[in-house]
Amino acid sequence: TSNQMWGGRFAAGPDAIMEAINASIGFDKRMAAQDIAGSRAHAAMLAATGIVSDSDANAMREGLLTVLSEIEGGTFEFSTALEDIHMNVEARLKDIIGEPAGRLHTGRSRNDQVATDFKLWVRDQLDAVAAALEALIRALLTQAEAGADWVMPGFTHLQVAQPVTWGHHMMAYVEMFGRDLSRIRDARARMNECPLGAAALAGTSFPIDREMTARDLGFDRPSANSLDAVSDRDFALEFLAAASISAMHLSRMAEELVIWSSAQFRFVMLSDRFSTGSSIMPQKKNPDAAELIRAKVGRIFGANVALMMVMKGLPLAYSKDMQEDKEQVFDAADNLMLALAAMEGMVKDMAANRPSLEVAAASGFSTATDLADWLVRVLDMPFRDAHHVTGSLVAMAEAKGCDLPDLSLEDMQSVHGEISVSVYDVLGVHNSVASRQSYGGTAPVRVREQIARWKERLG
Ligand code: ARG
């Protein structure tokens, strides 16, 4: 039998393979709530503009609620023959209310309907991601506050560079996830135009009120060009791009947690709740959650690239290619949410190992720059000369197998006669971090300012 929605034109039904490649109901049923919200707004508008009667619109609106409760209650029977969520809902509405259901599709098309549903879905997801980012930022702030003055090594090239504070390192991630949050908010503001009423591509001859449906659905305004409205998937791509950048940040933090929790580093203890054991090695505690977060970035980037490739070169307006948008976005959204929640859990639970951090902070001649700065400040040496003198002192310490503060004053003076005992003040890691008070620097006083600023910003 031919399709009940377009049977007039068709004598035969689709081949089974046609049905399989064509159907999207297997995944777009996730937009059921958005589809029904869109249809209810459309029905109310059709009545307000006199396009359908009030009683028909009321029947549609009530019937749609029944459909929603059937879907939410798990009793709804989705049909692949009905292709997608839009036609599944409409067909069921017809079973329930009869003839008025056939008037719901007046002045709209599945093309503006799917764009509207998907935008509503992505918009909800942006809000969920924003909330998850905020929760992660709060967890990082708690860690930063606890350890605003704990010292640890800062690295470049994964080689010890200069001491920093634990709080400063946590706040670096707060800045990253904070930018992610602002990207999500920017994307939300830009996408918040309603495609409904663009109809198939050209608009409609019915006197619809697009302001009304836009307002009802929480959009700022209707989209201005009907061709663009049904062709646009920028909102999905912007979500995927923002999700990719955020996943990249998560992967960097996850990588640090993998390194930090190793026996060689012992910077942090991850909780049992966010670790796994080994089926053979009884001693093992593995940072699997961190590793999976590190990996999730792959599929999220993949989704972004995949949808870019789907959209690339598509002529206006709607093409069925665009149905390939949803699975990518759903998968990326699910995995980003999971990764954010897992990272929040790990950050909340993890215990920094303060003594190891402190020992490591002093390793690798980490205060060599402080020594060079002292030579500049106290002896008025040009920085380049100070760099050279300090380099000689590091070489001497390395030869003796000790750290810079372990060199005697005589040793130091053998390299440069004017070095005095006050140099030892700057060789300690606590003095080192406390001295870095430039704006944005690692000094605890600056870190506490950053924390206070972020707390105020989050409210
Ligand atoms: N299932 C379709 C999608 O997800 C809905 C729009 C179909 N429109 C069309 N003209 N075939 O994109």
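Being a predicted model, the structure only gives us computed values, none of them experimental.

Draft legend 1. Quick look at the overall build of the protein chain. Each helix and strand counted, the protein chain has 19 helices and six strands in total. In terms of C-alpha radius of gyration, the protein chain reaches 31 Å, well past the compact-globule figure of 23 Å for 459 residues. Taken along the three principal axes of its C-alpha coordinates, the protein chain extends 100 × 50 × 40 Å. When burial is assessed residue by residue, the protein chain has 49% of its 459 residues classed as buried. Considering only intrachain contacts with a sequence separation of at least 6, the fraction spanning at least 24 residues in the protein chain is 74%. As presented, the protein chain carries roughly 21,200 Å² of accessible surface, and 53% of it is formed by carbon and sulfur atoms.

Draft legend 2. Here's a closer look at the site of the ligand. All residues in the neighbourhood of the ligand are listed as Ser24, Asp28, Asp84, His86, Arg110, Asn111, Val114, Tyr318, Lys320, Gln323 and Lys326. Here a nitrogen atom of the ligand and a side-chain polar atom of Gln323 are 2.7 Å apart. In the environment of the ligand, an oxygen atom lies 2.6 Å from a nitrogen or oxygen atom belonging to the side chain of Lys326. Calculation on the ligand without its partners gives an accessible area of 350 Å², and the protein chains cover 87% of this total. A per-element tally of the shell around the ligand places helix 6 (residues 110-146) first, with three residues. Of the residues that constitute the shell around the ligand, the class distribution is two nonpolar, four polar and five charged.

Draft legend 3. Representation of the pattern of salt bridges within the structure. With the rule as written, the count across this model stands at 27 salt bridges. Between Arg138 and Glu134 there is a salt bridge, with its nearest N and O atoms 3.5 Å apart. Of this pair, Arg138 and Glu134 both sit in helix 6, separated by four residues, roughly a single helical turn. Ionic pairing is found between Lys326 and Asp325, a salt bridge with its closest N-O pair at 2.9 Å. Overlapping salt bridges, with partners in common, bring together Glu83, Asp84, Arg110 and Lys320 in one network.

Draft legend 4. Geometry of the pairing of strand 2 (residues 159-165). Strand direction decides the pairing type here: strand 1 (residues 151-156) and strand 2, joined by six bridges, are antiparallel. Within strand 2, the position partnered with Pro153 by the bridge is Pro163. The hairpin formed by strand 1 and strand 2 contains two residues between the paired strands, and His157 there has a positive phi angle of roughly 60°.

Cut-offs and rules
Residues numbered from 1 in each chain as written. Predicted model: local features only at pLDDT ≥ 70, side-chain atom pairs only at ≥ 80, totals over all residues. Heavy atoms only, no water. Helix = DSSP H or I, 4+ residues; strand = E, 2+ residues; numbered from the N terminus. Rg over C-alpha atoms; globule rule 2.2 N^0.38 Å. Buried < 20%, exposed > 50% of the residue type's maximum accessible area, 1.4 Å probe, protein only. Contact = heavy atoms within 4.5 Å. Areas by Shrake-Rupley, 256 points an atom, 1.4 Å probe, with all protein chains shown as cover. Near = heavy atom within 4 Å. Polar contact = N/O pair within 3.5 Å; in protein donor to acceptor, adjacent residues only side chain to side chain. Nonpolar A, V, L, I, M, F, W, Y, C, P; charged D, E, K, R; others polar. Salt bridge = Lys/Arg side-chain N within 4 Å of Asp/Glu carboxyl O. Pairing = 2+ DSSP bridges.

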